[in-house]
Amino acid sequence: MPLHGVRRESMRVALVATAIVLAVYVVIAAVVLVIVERNLTGEIDNRLATALTRARTGQFRVPTGTFPELPGGTRFGAPVLSWLTLPSGTVVSPISTTAALPVPAHSISGATTLTIGGIDVRAVGGTVSQGYLVVGQSMDSVAQARANVLRAELLVGPVLLGAVFLGALAIGRRVASPIELARQRQMEFTADASHELRTPLSVIEAQTNLALAQARDATWNRQAFQRIDHESKRIRRLVEDLLWLARFDATQAAPNAEHVDLGILATQAADRFAGVAETRHLALRVHTDQVTALAVHAPPEWLDRLLGVLLDNACKYAPEGGTVDLAVRAESGRIRLSVDDSGPGIPVEERARVFDRFHRASDGPGGAGLGLAIADAVVRATGGRWEVGESAAGGASMSVVWPRGLTGPREPAVRAVGTPAT
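Calculation rules
All residue numbers refer to positions counted from 1 along the written sequence of the respective chain. With the structure being a predicted model, the display of local features is reserved for residues of pLDDT at least 70 and the display and counting of side-chain atom pairs for 80 or more, all residues being used for whole-chain, interface and lining totals. In computing side-chain properties, one takes all heavy atoms of the structure into account and sets aside hydrogens as well as water. Here a helix means four or more residues in a row that DSSP labels H or I, a strand means two or more in a row labelled E, and each is numbered from the N terminus. Think of it in three bands: residues with accessible area under 20% of the maximum for their type are buried, residues over 50% are exposed, and the middle band is partly exposed, with areas taken using a 1.4 Å probe on protein chains only. Only heavy atoms enter the contact rule, under which two residues are in contact if any of them lie within 4.5 Å. The Shrake-Rupley method, run with a 1.4 Å probe, gives the accessible areas here. Residue values count only the displayed protein chains as cover. The axes are straight lines fitted to the C-alpha atoms, using for helices just the contacting stretch, and the angles between their N-to-C directions are given from 0 to 180°. Put simply, a crossing is left-handed when the front helix is turned counterclockwise from the back one by less than a right angle, and right-handed when it is turned clockwise. Classification convention: Asp, Glu, Lys, Arg as charged; Ala, Val, Leu, Ile, Met, Phe, Trp, Tyr, Cys, Pro as nonpolar; all other residues, Gly among them, as polar. The pLDDT value tells you how sure the predictor is about a given residue, anywhere from 0 up to 100. Salt bridge, as applied in this entry: a Lys or Arg side-chain nitrogen positioned within 4 Å of an Asp or Glu carboxyl oxygen. Here a polar contact is taken to be a pair of N or O atoms separated by no more than 3.5 Å, where protein atoms must pair a possible hydrogen donor with a possible acceptor and residues adjacent in sequence count only if both atoms sit in side chains. Two strands are counted as paired when DSSP detects at least two bridges linking them. Any angle from 65 to 115 degrees is called roughly perpendicular, while one under 35 is roughly parallel, one over 145 is roughly antiparallel, and all others are oblique.

Visitor: Please set out the overall build of the protein residue by residue, giving values where relevant.
Guide: A count of helical and extended segments in the protein gives seven helices and 13 strands. Burial status across the protein gives 38% buried among its 422 residues. Sequence-distant contacts in the protein: of pairs separated by 6 or more residues, those separated by 24 or more amount to 70%. Taken as a whole, the protein presents about 23300 Å² of accessible surface, with 59% of it coming from carbon and sulfur.

See below:
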């Protein structure tokens, strides 16, 4: 997926997240409005109930006269209003006739919201010594509080949704970028693997087609079978490396990890490459000069694979009659594994990419560019750190540094494998 695809997906995720937050916010805002209105209405009900109780005990006097309109045209204010229905049926009230109590409300008991003169009034009634008293209070304060809360919610809502949208968009892009990068690398890996497999398969197909096209002599057939054998082995190595990487990527933890003496493992690995070194007249030397037996906590087969990759590359690129030095040293709480050769070295601009899968710093024949990718996977999984530079002989210097694992007595040793250096 290209960059615009990542942006489009991030935008979609941000919109979905914003829509969810909007729905939740609307529900919360509605609940807040209901709670505010219920609490304020409850306070009015308590006040009216207190006024009715006082009237029954003679502490509340029914006022007479006209209740004045408040500034701004509001007819009823916070004071308690009253309507007294005498036994004769006459209603005594300080309210003007435009705010007369509706007849059905003359005998209300529980708290009720009435509309009187176009204004909502909360009212409650009960029997007193003079007759039947209904007391009430305007709901303007409740309406005003509700309007203030709604106004605040309408102001906060867009700001909150904008912050959620921008935050989700930024997080979406940040999360999507590495995922997209991994997907892109996977696609490149698949394309490179297909290319590496296609080349030897094309050679095998060409050789078989030529052999079947007409009769050939024994020498030609032998050469064709040798080419097919070479390309088949190349395919097998590639498939084995791909399977190893696939298994490694699927592994959640290091299997059978233990403290491995890297010096002993290095000597054993060099023994396996003694024949290669002798064939090319290389001086393959192993240095285990630490005075303590230091170990790396890792699966032995992983470290063995790492050593095999480094020695294979060094023996491959060192010129005939050159040198390959394998060293395991202890230095200030760390263990260093180094493989130096006298080959052409790795250009500075290539050092950052030598661990990419299917990347080769040299155009020379052989290899598919997976060896150092495997080595890098092992180093990262075991907590090591690469140091790539130039060896004293002018070739490549590949070093891995680990924290010190296990210590114990050990004698210094220097051992040469293959043709001694002169």
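Visitor: Describe the packing of helix H6 (residues 300–317) against helix H7 (residues 371–381), with residues and values.
Guide: In the contact formed by H6 and H7, the axes pass within 9 Å of each other and the chain directions differ by 140 degrees. Between H6 and H7 lies a crossing whose hand is left-handed. Within the contact between the two elements, H6 uses Trp-302, Leu-303, Arg-305, Leu-306, Val-309, Leu-310 and Asn-313 and H7 uses Gly-371, Leu-372, Ile-374, Ala-375, Val-378, Val-379 and Ala-381. Grouping the constituent residues of the contact of H6 with H7 by class yields 11 nonpolar, two polar and one charged.

Visitor: How would you summarise the confidence of the model for the protein if you had to cite specific residues and measurements?
Guide: Here the protein shows a mean pLDDT of 78. Residues at 70 or above account for 78%. Contacts from residues 64–76, a stretch scored under 50 in pLDDT, to residues over four places away or in other chains number 32 contacts. Scored below 50 in pLDDT, residues 406–422 makes 54 contacts in the model with residues more than four places away or belonging to other chains.

Visitor: Would you mind going over the pattern of salt bridges in detail, with residue names and values included?
Guide: Pairing is possible between side chains that carry opposite charge, provided their charged atoms lie close to one another. Counting across every chain of the model gives 11 salt bridges. One salt bridge in this structure joins Lys-233 and Asp-229, with 3.3 Å as the shortest N-O distance. Of this pair, Lys-233 and Asp-229 are both found in helix H3 (residues 218–250), four residues apart, which corresponds to roughly one turn of the helix. Of the residues examined, Asp-229 reaches a relative accessible area of 38% and is grouped as partly exposed. Taking the shortest distance from any N to any O, the salt bridge between Glu-387 and Arg-336 comes out at 2.7 Å. Here Glu-387, found in strand E11 (residues 385–390), pairs with Arg-336, found in strand E10 (residues 334–341); they are 51 residues apart in sequence, far enough to count as distant.

Visitor: Mind laying out the side chain of Thr-382, listing which residues take part and the relevant values?
Guide: Residue position: Thr-382 is located in the loop between H7 and E11. Here Thr-382 falls in the buried class, since its relative accessible area comes to 13%. At 3.2 Å, the side chain of Thr-382 and the backbone oxygen of Val-379 are in polar contact. Side-chain polar atoms of Thr-382 contact the side chain of Trp-402, separated by 3.0 Å. Discounting residues that sit within four places of it in the chain, Thr-382 has contacts with Ala-298, Trp-302 and Trp-402.

Visitor: Before we move on, can you summarise the sheet that holds strand E5 (residues 131–138) with the specific residues and values?
Guide: Pairing in this open sheet of five strands is antiparallel, and the strands run E2-E1-E5-E4-E3 from one edge to the other. Lying at the two open borders of the sheet, with one neighbouring strand each, are strand E2 (91–92) and strand E3 (112–116). One ladder, built from two bridges, connects strand E1 (residues 81–85) with E2; its direction is antiparallel. Paired with Thr-85 across the strands is Val-91, a residue of E2.

Visitor: An account of the pairing of strand E12 (residues 396–403) is requested, with residue identities and associated values reported.
Guide: Most of E12 is tucked away, with seven of its eight residues classed as buried. In this structure, E10 lies alongside E12, joined through seven bridges in antiparallel fashion. Directly across from Leu-337, in E12, lies its bridge partner Val-400. The sheet contact formed by E11 and E12 spans six bridges and is antiparallel. Bridge assignment links Arg-385 to a residue of E12, and that residue is Val-401. Between E11 and E12, which pair antiparallel one after the other, the connecting turn spans five residues, and Gly-394 there sits at a positive phi close to 95 degrees.

Visitor: How would you sum up the packing of helix H4 (residues 262–272) against H6? Please name residues and give values.
Guide: Close contact between H4 and H6 brings their axes to 10 Å; oriented N to C, the two are set at 50 degrees. Classed by the angle they form, the pair H4 and H6 counts as oblique. Every pair of crossing elements has a handedness; the one defined by H4 and H6 is right-handed. Here Leu-262, Leu-265, Ala-266, Ala-269, Ala-270 and Arg-272 of H4 lie close against H6, whose contacting residues are Pro-300, Leu-303, Asp-304, Leu-307, Gly-308 and Leu-311.

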